[in-house]
Amino acid sequence: MKKFMLIGSSTCGKTTLCQRLNGYDIGYKKTQAIEVIDNTIDTPGEYLENRNFYKAIVVTAVEADVIAFVQDATDERFRFSPQHATLFSIPVIGIVSKADLATEEQISQALELLELAGVEKVFVTSAYTGQGCDELKEYLSD
Ligand SMILES: Nc1nc2c(ncn2[C@@H]2O[C@H](COP(=O)(O)OP(=O)(O)OP(=O)(O)O)[C@@H](O)[C@H]2O)c(=O)[nH]1
Ligand SMILES: [Mg+2]
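Every chain is numbered independently, its residues counted from 1 as its sequence is written. Working convention: letters from A go to chains and numbers from 1 go to ligands, in the order in which they are written. Per-residue local features of the predicted model are confined to residues with pLDDT of at least 70, and side-chain atom pairs are confined, for both listing and counting, to 80 or more; whole-chain, interface and lining totals are unaffected and use all residues.

Enquirer: Requested: an account of the sheet that holds strand 3 (residues 40-42), with residues and values cited.
Expert: Any two strands with at least two DSSP-identified bridges between them are counted as paired. Counting from the N terminus, the helices are the DSSP runs of H or I reaching at least four residues and the strands are the DSSP runs of E reaching at least two. The six strands lie next to each other as 2-3-1-4-5-6, forming an open sheet whose pairing is mixed. The outermost strands of the open sheet, each flanked by one partner alone, are strand 2 (35-37) and strand 6 (122-124). Along the sheet, successive strands turn relative to each other by an average axial angle of 25 degrees, direction set aside. Alignment of strand 5 (residues 92-97) against strand 6, held across three bridges, turns out to be parallel. Following the sheet pairing, Ile 95 is matched in strand 6 by Phe 123. Here the contact rule is simple: place C-beta atoms from the backbone, and any two residues whose C-beta atoms are within 7 Å are in contact. Throughout, an axis means a line fitted to C-alpha atoms (over the contacting stretch in the case of helices), and angles, computed between N-to-C directions, take values from 0 to 180 degrees. Helix 4 (residues 104-116) rests against strand 4 (66-72), strand 5 and strand 6 of the sheet, and its axis sits at about 160 degrees to strand 5.

Enquirer: Could you give an account of the site of ligand 1, naming the residues involved and the relevant values?
Expert: We call a residue near a molecule or strand when its C-beta atom, built from the backbone, sits within 6 Å of it. Around ligand 1 sit 20 residues in total, of which Gly 13, Thr 15, Thr 16, Thr 31 and Gly 45 are the nearest. Top contributing element to the shell around ligand 1 by residue count: helix 1 (residues 14-21), with three residues. When the residues that make up the shell around ligand 1 are grouped by side-chain class, the tally is six nonpolar, ten polar and four charged. The nonpolar class holds Ala, Val, Leu, Ile, Met, Phe, Trp, Tyr, Cys and Pro. Asp, Glu, Lys and Arg form the charged class, and all remaining residues, Gly among them, are polar.

Enquirer: So what about helix 1? Which residues, and what values?
Expert: Counting along an α-helix, one turn takes 3.6 residues, and residues three or four places apart therefore face a common direction. Across the eight residues that make up helix 1, a large majority, eight, are buried. Burial is judged by counting the other C-beta atoms within 10 Å of a residue's own C-beta: 20 or more makes it buried, 12 or fewer makes it exposed, and any count in between marks it as partly exposed, with every C-beta position built from the backbone. Of the residues making up helix 1, those classed as buried are Lys 14, Thr 15, Thr 16, Leu 17, Cys 18, Gln 19, Arg 20 and Leu 21. Where helix 1 is buried, its residues meet strand 1 (4-8), strand 2, strand 3, strand 4, strand 5 and helix 5 (133-141). Backbone geometry just downstream of helix 1 places Gly 23 in the positive-phi region, at approximately 75 degrees.

Enquirer: Got a sec to walk through the pairing of strand 5? Specific residues and values, please.
Expert: Extensive coverage of strand 5 is indicated by the burial of six of its six residues. Pairing of strand 4 with strand 5 involves six bridges; the strand directions are parallel. Within strand 5, the position partnered with Ala 68 by the bridge is Ile 93.

Worth remembering: the numbers are spatial, not functional.
Dropping the structure here:
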């Protein structure tokens, strides 16, 4: 499995998605620091929200094979900038999270914005219902 690193705003669902993808019980736990869970590198939302942490993200990304920009479909705020993906020298994918709570319109908007951030592929997911998780696992498996 490819080692992948999740980046996204606080509460966008990174940790819950890690739990789902790695087959753990789903339970809320605020991420305080960069955490490696099996093949996933989970980061705190503050790393995206606070520019002072950018260096830490770029340094940690060296350990990863793929980066995932995670966007909560129900969140109006979008913190990835256009062509944000060019900051990294490895593939960057997009993950729309919490699809179970979102309208079709919200999902389309999140997809569009992630594409603008320069991701090469987008998965629409819900860690609660499991939507999109098999496709994501398959992408990460080779
Ligand atoms: N309905 C729904 N809720 C979700 C989903 N994924 C996560 N949540 C909820 O959203 C909240 C935040 O989820 P986390 O996975 O902790 O978010 P995070 O991105 O790791 O947040 P930080 O650690 O603060 O950066 C929790 O209450 C989760 O239960 C989902 O797919 N659907
Ligand atoms: Mg977390």
